[in-house]
Amino acid sequence: MLVYEAGPITVRELEEKDEWSLASWLSNPDVLQYYEGRDNPHDVERVREHFYVDDDETRCIIEYEGKPTGYIQFYLLDEETLGEYGYDGSDSGGRTFATDQFIGEPDYWNRGIGTKLVTSMVDYLVFQRQADRIVMDPQAWNERAIACYEKCGFRKVRLLEKHEQHEGELRDCWIIEYRAERN
């Protein structure tokens, strides 16, 4: 099912046929260096277990000019996760969504597609899903991703030390957020 189109980018819900693209991307060490970890490759069976489960996340394929090029998921954060991210009841952010994404085709890296994707997802979440805040938790060492997110209007709000297991060690992550401004 189509989620949205924005110029050359189409975001659509994950379909069964996409398991092969995901398995290809998530067995590529260049991709795994940034997403999941090189010690955590996925074959088709693992992709099915990890990405084809019923929960509150909307899992999508990113197409660029009609070619599957990556993955994005988004979800409304619950109180427990908001607390884990350092938000408390006094910080009434309204509807807070989170996203996770990667461009799975390295030939499409460094072409501005990530910036177009994140900007279009922000627009979708703010104007179609009434998000008041959007957050992500990139690993602190992933400067390329953080630079992309900051270009899209996100800002660092807090460092979570030893927050995510990646390639055998707990890594620090930044909580970054985008606050919606509606007129």
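Provided above is the structure to which this section pertains.
Report follows, based on the coordinates.

On any regular strand, side chains alternate: one points to one face of the sheet, the next to the other face. In terms of residue burial, strand 3 (residues 58–64) counts as a mostly covered element, since seven of its seven residues are buried. The side-chain alternation of strand 3 yields two buried faces, one formed by Thr 58, Cys 60, Ile 62 and Tyr 64 and the other by Arg 59, Ile 61 and Glu 63. With five bridges connecting them, strand 2 (residues 9–13) and strand 3 associate as antiparallel partners. For Glu 13, the partnering residue across the bridge sits in strand 3 and is Cys 60. Linkage of strand 3 to strand 4 (residues 67–76), two consecutive antiparallel strands, is achieved through a turn of two residues, within which Glu 65 is found at a positive phi near 50°.

Right, let's get into unusual backbone geometry. Positive phi is not limited to glycine here, since Glu 36 has a value of about 85°. Counting through the fold element by element, Glu 36 comes out in the loop between helix 2 (29–32) and helix 3 (44–51). For Glu 36, a relative accessible area of 23% puts it in the partly exposed group. Located in the positive-phi region is Glu 167, a residue other than glycine, with phi close to 50°.

Let's shift gears to the pattern of salt bridges. Two side chains carrying opposite charge are able to pair once their charged atoms lie near each other. Tallying each qualifying case throughout the model produces twelve salt bridges. Taking the shortest distance from any N to any O, the salt bridge between Glu 19 and Arg 48 comes out at 2.9 Å. Here Arg 48 lies in helix 3 and Glu 19 lies in helix 1 (residues 19–25), a separation of 29 residues in the sequence. Judged by relative accessible area, which is 6%, Glu 19 ranks as buried. Its salt-bridge partner being Glu 57, residue Arg 59 comes within 3.0 Å of it at the nearest N-O pair. Of the residues examined, Arg 59 reaches a relative accessible area of 9% and is grouped as buried. When its relative accessible area of 25% is taken as the criterion, Glu 57 is described as partly exposed. Connected through salt bridges with shared partners, the residues Arg 12, Glu 15, Lys 17, Asp 18 and Glu 63 form a single ionic network.

So, on to the sheet that holds strand 7 (residues 155–166). Read across the sheet, eight strands follow the order 1-2-3-4-5-6-8-7 without closing on themselves; strand pairing throughout is mixed. For this open sheet the edge positions go to strand 1 (2–6) and strand 7, each flanked by a neighbour on one side alone. Across this sheet, the average inter-strand angle for adjacent strands is 25°, counted without regard to direction. Judged from the four bridges that link them, strand 6 (residues 133–136) and strand 8 (residues 169–179) form a sheet pairing that is antiparallel. Residue pairing for strand 8: Val 135 is matched across the bridge by Glu 177.

Relative to the assigned elements, Glu 177 resides in strand 8. Residue classification places Glu 177 among the buried positions, given a relative accessible area of 2%. Of the polar contacts made by the side chain of Glu 177, one reaches the side chain of Tyr 87; its length is 2.6 Å. At 2.8 Å, the side chain of Glu 177 and the side chain of Arg 179 are in polar contact.

Quick look at a negative patch on the surface now. Taken together, the side chains of Asp 56, Asp 78, Glu 79, Glu 80 and Glu 84 make up a negatively charged region of the molecular surface. The class of Asp 78 is partly exposed, set by a relative accessible area of 42%.

Conventions and cut-offs
- Residues numbered from 1 in each chain as written.
- Predicted model: local features only at pLDDT ≥ 70, side-chain atom pairs only at ≥ 80, totals over all residues.
- Heavy atoms only, no water.
- Buried < 20%, exposed > 50% of the residue type's maximum accessible area, 1.4 Å probe, protein only.
- Helix = DSSP H or I, 4+ residues; strand = E, 2+ residues; numbered from the N terminus.
- Pairing = 2+ DSSP bridges.
- Salt bridge = Lys/Arg side-chain N within 4 Å of Asp/Glu carboxyl O.
- Axes fitted to C-alpha atoms, helices over the stretch in contact; angles between N-to-C directions.
- Polar contact = N/O pair within 3.5 Å; in protein donor to acceptor, adjacent residues only side chain to side chain.
- Patch = residues over 30% accessible without salt bridge, like charges linked within 9 Å, V, L, I, M, F, W, Y side chains within 5 Å.
- Areas by Shrake-Rupley, 256 points an atom, 1.4 Å probe, with all protein chains shown as cover.
- Lys, Arg positive; Asp, Glu negative; His and termini not counted.
- Charge placed at Lys NZ, Arg CZ, Asp CG, Glu CD.

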